[in-house]
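Chain residues, written in single-letter form:
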Amino acid sequence: MGIKRGTTLATAAIVVVLAATACGPTDDKAADTTKPVGAAAAQDYGQAPAAADGAAGAAGAAGAKPAGQLTAAPNDQLGQVLTDSAGLTLYRFDKDTAKPPKSNCDGDCAKTWPVVAAGDATAAAGMDPALLGEVVRTDGSKQLTVAGWPAYRYNKDAKAGDVNGQGVGGVWFAFGPDGKKAAKAEAAAPAPAEGGAAEADGKLSVAKDPKLGDHIVDGKGMTVYRFKPDTQWPMTSKCVGDCLTKWPVVAPVEKAKDKGIVEKNYTVLNRPDGQKQQSVDCWPVYTFSGDKKPGDINGQGVGGTWYAVSPDGKLITVQ
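Cut-offs and rules
- Residues numbered from 1 in each chain as written.
- Predicted model: local features only at pLDDT ≥ 70, side-chain atom pairs only at ≥ 80, totals over all residues.
- Heavy atoms only, no water.
- Helix = DSSP H or I, 4+ residues; strand = E, 2+ residues; numbered from the N terminus.
- Contact = heavy atoms within 4.5 Å.
- Areas by Shrake-Rupley, 256 points an atom, 1.4 Å probe, with all protein chains shown as cover.
- Pairing = 2+ DSSP bridges.
- Disulfide = S-S within 2.5 Å.
- Buried < 20%, exposed > 50% of the residue type's maximum accessible area, 1.4 Å probe, protein only.
- Phe/Tyr/Trp six-rings, centres within 6.5 Å; stacked < 30°, edge-to-face > 60°.

Caption draft 1: Spotlight on the overall build of the protein chain. A tally of helices and strands in the protein chain yields 4 helices and 22 strands. Within the protein chain, residue pairs in contact and separated by at least 24 positions form 71% of the contacts whose partners lie at least 6 positions apart. Carbon and sulfur atoms make up 55% of the accessible area of the protein chain, which totals about 14600 Å².

Take a look at the structure:
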């Protein structure tokens, strides 16, 4: 069959929860200013919308194609990305599991994210062939796995080198040749302050942007964001592991200095990883490693799950 089975240890994501009596339920829901429908709603749950009619979308699991000769292709943003023999990027899904290998992408999901069939897959140069394996799907077909993770293509990648699926829904990521999420080493977030949180210079403040209007920034003028999968009650951060590399948590700040920002439920989340994270109205807040200078809003709308924060702690969902 040309592939070798391999397994890796996968670390279970730890959901960060703080049960604090100060953080009770309010009228503020995950989507504060607009309620996503249709395609936007699908992305909120970690799935891109159902594919339009077409060869890639209609194929689904039944028409899955093998990968052939894999290549570790260079990408300016992501470093090396694993591609198939046609140069199309291969992806992994955070809601799948690698130990044991299991795909949780079926139906419309498999139309948008066509599975890569097991068979005739050859490891890329410099890649450990033992990382390649297979998993039997619910329909009985066999899907290629890389380091235990089921492999997919994205039906919106039209040509070799496209990485349009990167970060979709906050759960879809391009493979690196080691089976991990592709990530360029030099693109990692700056070294965090003590405790692992991004330095906020002791205060938050309100800035004005022509597109976003009034929004919260940290002491360095960097935009502050919320993650839609987080919850307010109980106060929960679902950004863990690799997520924190791109979205460093905001360290606790002095409330008295944060003029113009809601004072209600201005609390600190004690994370199991030892970090302390500032919250606004019981919503954990973050900065974005892709913002390089004050005023940048590159994190706005990423994956349909990351949004800037208004002074009253609500999401700013304008695009």
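Caption draft 2: Structural detail: the sheet that holds strand S19 (residues 276-280). Strand order in this open sheet of 3 strands is S18-S19-S20, and the pairing throughout is antiparallel. Every interior strand has two partners, whereas the edge strands, strand S18 (268-270) and strand S20 (283-284), have only one. Pairing of S19 with S20, which is carried by 2 bridges, proceeds in the antiparallel orientation. Across the sheet, the residue bridging to Ser279 is Pro284, located in S20.

Caption draft 3: Just the state of the cysteines, in detail. Throughout the structure, instances matching the rule amount to 2 disulfides. The disulfide partner of Cys105 is Cys109, and the S-S distance across this bridge is 2.0 Å. Looking along the S-S bond of the Cys105-Cys109 disulfide, the torsion reads about -110°, which is the left-handed sense. One exposure class covers both Cys105 and Cys109, and it is buried. Here Cys239 pairs with Cys243 through a disulfide, and the sulfurs are 2.0 Å apart. Linking Cys239 and Cys243, the disulfide has an S-S dihedral of approximately -110° and is accordingly described as left-handed. Here Cys239 matches Cys243 in class, with each residue buried.

Caption draft 4: Expanded view of the sheet that holds strand S22 (residues 315-316). In space, the 3 strands of this open sheet follow the order S15-S21-S22, with antiparallel pairing throughout. Edge positions in the sheet fall to strand S15 (225-227) and S22, since each has one partner strand and no second. Bridging between S15 and strand S21 (residues 306-309) involves 3 bridges; their strand directions are antiparallel. Considered in S21, the bridge of Arg226 is made with Tyr307.

Caption draft 5: Region of the structure containing the environment of Thr287. With respect to the element layout, Thr287 can be found in the loop between S20 and S21. With a relative accessible area of 7%, Thr287 lands in the buried category. Sequence separation between Thr287 and Val224 is 63 residues, and the spatial gap between their C-alpha atoms is 4.9 Å.

Caption draft 6: Inspection of the packing of aromatic side chains at higher detail. Taken as a whole, this structure holds 12 aromatic pairs when the rule is applied. Ring centres of Trp113 and Trp172 lie 3.8 Å apart, and the angle between their planes is 0°; on these two criteria the pair is classed as stacked. Of this pair, Trp113 sits in the loop between helix H3 (108-112) and strand S8 (116-117) while Trp172 sits in strand S12 (residues 172-174); the two residues are 59 residues apart in sequence, bridging distant segments of the chain. Overall, the relative accessible area of 0% leaves Trp113 in the buried class. Note on Trp172: relative accessible area 0%, which makes it buried.

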